[in-house]
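Report on the structure
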Amino acid sequence: MNKQLWIYIGITYFITWTIVFGIYFLYTQNSLTLNQLNILYTFGSLGPFLSAIITTQLFYKKDGLRRLFATLKKGRLNKKTLILSCYPLFLFLLGWLLYPILTGKWFSFDTTKE
């Protein structure tokens, strides 16, 4: 692997784990509830995105950032991409609708506290 990829991977792990362990530390200090912890963990997913921006800036400067964001612009999606990107939402809705059939009551987050 080349140097740029190793730097990207290193920065990604550093950002992601700093966020995740920072949030977990707040939880261990009773500053966050378990529900808040679970929600805030998703901010760890910003690591790869922020790392891509930092690495692009390091190696390709402004022109690289311009090209990076040009590829991220909203464009026309083909049918397969649209279906794949909506699939998690479909699974969520399917589970949400099947839950009352299987349990006899609508889902509530109070269930997670039991």
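Residues numbered from 1 in each chain as written. Predicted model: local features only at pLDDT ≥ 70, side-chain atom pairs only at ≥ 80, totals over all residues. Heavy atoms only, no water.

**A look at the overall build of the protein chain**
- Summing up its helical and strand segments, the protein chain has 4 helices and 0 strands in all.
- Once the C-alpha set of the protein chain is aligned to its principal axes, its extents read approximately 55 × 45 × 25 Å.
- By residue count, 14% of the 114 residues in the protein chain fall in the buried class.
- The long-range fraction of contacts in the protein chain, counting pairs at least 24 apart against all pairs at least 6 apart in sequence, stands at 48%.
- Within the structure as shown, the protein chain displays about 9600 Å² of accessible surface, and the carbon and sulfur contribution to it stands at 69%. (Helix = DSSP H or I, 4+ residues; strand = E, 2+ residues; numbered from the N terminus. Buried < 20%, exposed > 50% of the residue type's maximum accessible area, 1.4 Å probe, protein only. Contact = heavy atoms within 4.5 Å. Areas by Shrake-Rupley, 256 points an atom, 1.4 Å probe, with all protein chains shown as cover.)

**Observations regarding the confidence of the model for the protein chain**
- The pLDDT averaged across the protein chain works out to 88; a share of 95% of its residues lies at or above 70.
- Here helix α2 (residues 34-40) stands out as the least confident element of the protein chain, with mean pLDDT 86; helix α1 (residues 3-28) is the most confident, with 94. (pLDDT = per-residue confidence, 0-100.)

**Some remarks on the pattern of salt bridges**
- Under the defined criterion, the tally for this structure stands at 1 salt bridge.
- Linking Arg66 and Asp63 is a salt bridge whose minimum nitrogen-to-oxygen distance equals 3.6 Å. Residue Arg66 and its partner Asp63 are located together in helix α3 (residues 46-72), separated by 3 residues, close to a single helical turn.
- Using a relative accessible area of 43% as the deciding quantity, one classes Asp63 as partly exposed. (Salt bridge = Lys/Arg side-chain N within 4 Å of Asp/Glu carboxyl O.)

**Notes on α1**
- Here α1 is 26 residues long and its end C-alpha atoms lie 37 Å apart, about the 38 Å a rise of 1.5 Å per residue gives.
- Listing the buried residues of α1 in full gives Ile11, Thr12, Ile15, Thr16, Val20 and Ile23.
- Structurally, α1 contributes buried residues whose contacts are with α2 and α3. (Expected span 1.5 Å × (residues − 1).)

**Some remarks on a nonpolar patch on the surface**
- A surface patch of nonpolar side chains, about 690 Å² in accessible area, is lined by Phe43, Leu46, Phe49, Leu50, Ile54, Leu58, Phe69 and Leu72.
- Tracing the backbone shows Phe49 in helix α3. (Patch = residues over 30% accessible without salt bridge, like charges linked within 9 Å, V, L, I, M, F, W, Y side chains within 5 Å.)

**Observations regarding unusual backbone geometry**
- Although it is not a glycine, Asn30 adopts a positive phi angle of roughly 60°.
- Its place among the elements puts Asn30 in the loop between α1 and α2.
- In this model, Lys61 sits at a positive phi of 55°, which is unusual for a non-glycine residue.
- Among the secondary structure elements, Lys61 is positioned in helix α3.
- According to the relative accessible area criterion, Lys61 is partly exposed, its value standing at 49%.

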